[in-house]
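# Analysis of the macromolecular model
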Amino acid sequence: DAGITQSPRHKVTETGTPVTLRCHQTENHRYMYWYRQDPGHGLRLIHYSYGVKDTDKGEVSDGYSVSRSKTEDFLLTLESATSSQTSVYFCAISVPGTGEGYEQYFGPGTRLTVT
Amino acid sequence: AQSVTQLGSHVSVSEGALVLLRCNYSSSVPPYLFWYVQYPNQGLQLLLKYTSAATLVKGINGFEAEFKKSETSFHLTKPSAHMSDAAEYFCAVSDLDTGRRALTFGSGTRLQVQP
């Protein structure tokens, strides 16, 4: 258990409304990520963070913003939700691996439906 | 930039048969490679990873994968499938050349195990 929680786990919202998803980790790891999962696309990187107030864009960042004011929390905001943002959103952390390199561990996901 | 191709979006095997899930990667630098498994309505669980220590990597649940640089492949195998192996499997490559530690995922292979 990597100690990652996501909230909410499920959300239905209307087009045009703002939505914020929360990721919380218990182990103070520096790197955190938001991915979205869509059928046929695997997981794609939205944004990531490499420390408090240090964030950067991923490959599918349009329409999303993030914030990290504490090491343990990484927030993903959809400023004005669109139907194309209906997806499953996963938070992940990067931790030193056993032996060489690093590993990513994932939260349980948030299923977001935009109607 | 790196990319991952998983051949076969669906694979069906009989219980007790060999499991072979294919993954080919493209990377401008020596890669870190990962296999993850996702059970229905759950997050991703790390099965195994390749860094550079050994080309044959053993993971959890009896799975293993062999890194073949000449073929740019990292196929996942298991000698004898079990019903509990039915899940979706994702191959991923790290972006060591950017420092983000983010992963690029394949589109996934859904494994079905027939009794």
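Please refer to the structure higher up on the page.
Below or above, wherever it landed, is the structure these notes cover.

Conventions we followed
Residues numbered from 1 in each chain as written. Chains lettered and ligands numbered in written order. Predicted model: local features only at pLDDT ≥ 70, side-chain atom pairs only at ≥ 80, totals over all residues. Heavy atoms only, no water. Helix = DSSP H or I, 4+ residues; strand = E, 2+ residues; numbered from the N terminus. Rg over C-alpha atoms; globule rule 2.2 N^0.38 Å. Contact = heavy atoms within 4.5 Å. Areas by Shrake-Rupley, 256 points an atom, 1.4 Å probe, with all protein chains shown as cover. Lys, Arg positive; Asp, Glu negative; His and termini not counted. Charge placed at Lys NZ, Arg CZ, Asp CG, Glu CD. Pairing = 2+ DSSP bridges. Axes fitted to C-alpha atoms, helices over the stretch in contact; angles between N-to-C directions. Buried area = accessible area lost by both parts, 1.4 Å probe. Salt bridge = Lys/Arg side-chain N within 4 Å of Asp/Glu carboxyl O. Polar contact = N/O pair within 3.5 Å; in protein donor to acceptor, adjacent residues only side chain to side chain. Nonpolar A, V, L, I, M, F, W, Y, C, P; charged D, E, K, R; others polar. Disulfide = S-S within 2.5 Å. Buried < 20%, exposed > 50% of the residue type's maximum accessible area, 1.4 Å probe, protein only.

Scanning chain A for helices and strands turns up zero helices and 11 strands. A globule of 115 residues ought to have a C-alpha radius of gyration of about 13 Å, and chain A, at 14 Å, matches this closely. Taken along its principal axes, the extent of the C-alpha atoms in chain A is 45 × 30 × 25 Å. At a minimum sequence separation of 6, the contacts of chain A that also span at least 24 residues come to 54%. A total accessible area of about 5,300 Å² is found for chain A, and carbon and sulfur atoms account for 49% of it. Charge centroids of chain A, computed over 11 positive and 13 negative side chains, lie 5 Å from each other.

Right, let's talk about the sheet that holds strand β7 (residues 64-70) of chain A for a bit. Each strand in a sheet pairs with another by means of backbone hydrogen bonds, the pair being arranged parallel or else antiparallel. Residues and elements named next belong to chain A. Read from one edge of the open sheet, four strands run β1-β3-β8-β7, paired in antiparallel fashion. Each edge of the open sheet is held by one strand with a lone partner, namely β1 (4-7) and β7. The sheet shows a mean angle of 20° between the axes of neighbouring strands, direction not considered. As paired strands, β1 and strand β3 (residues 19-25) are joined by four bridges and run antiparallel to one another. Note that in β3 the partner of Gln 6 across the bridge is Cys 23.

In this complex, chain B contributes 24 residues to the contact, which on the side of chain A involves 28 residues. Between chain B and chain A lies a buried interface of about 2,000 Å² when both sides are counted; carbon and sulfur atoms form 51% of it. Among the residues of chain B in contact with chain A, Lys49(B), Arg100(B) and Arg101(B) are the three that bury the most area, contributing 33% of the side total. One can count two salt bridges joining chain B with chain A. The residue Glu103(A) makes a salt bridge to Lys49(B) at a minimum N-O spacing of 3.1 Å. If you look at where chain B meets chain A, you find eight residue pairs in polar contact (both at pLDDT 80 or more). Breaking the side of chain B that touches chain A down by element, the ones donating at least two residues are β5 (33-38), β6 (44-50), β10 (87-94) and β11 (103-105) of chain B. Of the residues in the side of chain B that touches chain A, the class split is 11 nonpolar, 10 polar and three charged.

Residues and elements named next belong to chain A. The amide bond that connects Ser 7 to the next residue, Pro 8, takes the cis arrangement and shows omega of -10°. Looking at the secondary structure, you find Pro 8 in the loop between β1 and β2 (10-13). The phi torsion at Asn 28 lies on the positive side, around 60°, for a residue other than glycine. One can find Asn 28 in the loop between β3 and β4 (31-38).

With that settled, consider the state of the cysteines. Disulfides are covalent bonds that connect the sulfur atoms of two cysteines. As enumerated under the stated definition, the model contains two disulfides over all chains in all. Two residues share a disulfide in this structure: Cys23(A) and Cys91(A), whose sulfurs sit 1.8 Å from each other. What sets the handedness of the Cys23(A) and Cys91(A) disulfide is the S-S torsion sign, and at about -70° it is left-handed. With Cys23(A) in strand β3 and Cys91(A) in strand β9 (residues 87-96), the pair connects residues that are 68 residues apart, well separated along the chain. Paired through a disulfide, Cys23(B) and Cys91(B) show a sulfur-sulfur distance of 2.0 Å. Measuring the twist about the S-S bond at about -65°, one finds the Cys23(B)-Cys91(B) disulfide to be left-handed. With Cys23(B) in the loop between β3 (19-21) and β4 (24-26) and Cys91(B) in strand β10, the pair connects residues that are 68 residues apart, well separated along the chain. Across the pair, Cys91(B) and Cys23(B) agree in class, each one buried.

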